[in-house]
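Notes for the structure review
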Amino acid sequence: MLGYFDTLSNWGRWGEDDELGTLNHITDDVRLAAARAVRHGRSVSCAWEVAVPEDMERSTTTCPCAADMPGAEDMPLPGFRNDRRWGFSHERLGITFHGNTLTHVDSPCHIFWDGTMYNGRSHSLVDAATGSAWAAVTAAANGIITRGVLLDIARVRDVPWLEPGQGVFPEDLEEAERRQGVRVRSGDAVLLRTGYGRFRHEAGAASGVTQAGWHASCLPWLHERQVALIGADTPQEVQPSGYEDVLMPVHAVSLVAMGLWLLDNCDLEVCARTAAELGQWDFHLAVAPVRFAGTSGSPVNPIATF
């Protein structure tokens, strides 16, 4: 697995100044092909709703705060002061999106290996005050628009969900392709359903760090197929990973060596039901990160259109 940092490296593949990594596989032709995947016109979200924890401070709440006209005398425009029927709601947002709960995208600057980021840049380019000057989420400011492919491993194994600690291997991916009548191709986004979304809907979010997900042995398969983006209904990789020297091998090799962007914590239940109903496992996928300057990712609401 440690050899993957060399054998799967995309450093210099698209030039020394490249920050997009595997998103370079999404060409104009790939986007046009993704548009042709829309055969029914039905759109579904692949994200969890962002809820407000009970203990979240009011200063960082996502709850709309209603305000009526008392206090409008402090508004800067005369019209606001004069219209006593006018009101509004607003909110102040503070979101820690990395982790095991919120649906978000990871850009390559999220992970370092031996002090180095994707394409050989030093981790010193990340500053606590200004963020990252390299491979931040703003590299994908034009959006990630491509063909998505859902590989439903829980369905293939005929279980409601994979148990925590169960990994998904290349043979699982190819069996899902065979059963679903779809093949992953260059520029695709591959979304992996372990069934954890169903578990979370029925029993609530699991505690701890043990989870189902991609096994690191899938990385050469993803590299060979020239996949642009991977997602999962967990934080990507199986935990424990089985590799004592690397805490999160899929994150490390994907982001640092391959420049492979990650879509963590998807809710793929509606997407899976729609795909099964329509008999269609590929779709147009639109992921639009918020243009947070210098950040290592962004909360997102991926939209699959069948």
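In this text, all values refer to a predicted model and were calculated from it rather than measured experimentally.

We now examine helix 8 (residues 249-258). Counted residue by residue, helix 8 has ten buried out of ten residues, so it is predominantly covered. Along helix 8, the positions that sit buried rather than exposed are Pro249, Val250, His251, Ala252, Val253, Ser254, Leu255, Val256, Ala257 and Met258. On the buried face of helix 8, the contacting elements are helix 1 (4-7), strand 4 (104-106), strand 10 (213-214), helix 7 (219-224), strand 11 (229-232) and strand 12 (261-264). Trailing helix 8 by a residue or two, Gly259 shows a phi angle of about 70 degrees, which is positive.

Let us look at the nonpolar core. One broad rule of soluble globular proteins: the nonpolar side chains tend to lie buried together. Core analysis: the biggest nonpolar cluster contains 67 residues, and Ile144, Leu150, Leu151, Leu173, Trp214, Leu219 and Val253 have the highest contact counts within it. A total of seven residues in this core trace back to one element, the largest contributor, which is helix 8. Non-local contacts of Ile144, meaning those with residues more than four positions away in its chain, are made with Leu23, Ile26, Val105, Leu229, Trp261, Leu285, Ala286 and Val287. Cys109, Met117, Trp134 and Ala135 belong to the second largest nonpolar core, which has five residues in total.

Counted by the stated rule, this structure contains 13 salt bridges. Residue Asp282 is joined to Arg147 by a salt bridge in which the shortest nitrogen-to-oxygen separation is 3.1 Å. Of the two residues, Asp282 sits in strand 13 (residues 282-287) while Arg147 sits in strand 7 (residues 144-152), which places them 135 residues apart along the sequence. Both residues of the pair, Asp282 and Arg147, count as buried. Among the salt bridges present, the one from Arg193 reaches Asp152, with a minimum N-O distance of 2.8 Å. Separated by 41 residues along the polypeptide, Arg193 in strand 9 (residues 189-193) and Asp152 in strand 7 bring together distant segments of the chain. For Arg193, a relative accessible area of 8% corresponds to the buried category. Residue class for Asp152 comes out buried when judged on its relative accessible area of 3%.

Cut-offs and rules
Residues numbered from 1 in each chain as written. Predicted model: local features only at pLDDT ≥ 70, side-chain atom pairs only at ≥ 80, totals over all residues. Heavy atoms only, no water. Buried < 20%, exposed > 50% of the residue type's maximum accessible area, 1.4 Å probe, protein only. Helix = DSSP H or I, 4+ residues; strand = E, 2+ residues; numbered from the N terminus. Contact = heavy atoms within 4.5 Å. Core = buried A, V, L, I, M, F, W, Y, C linked by side-chain atoms within 4.5 Å. Salt bridge = Lys/Arg side-chain N within 4 Å of Asp/Glu carboxyl O.

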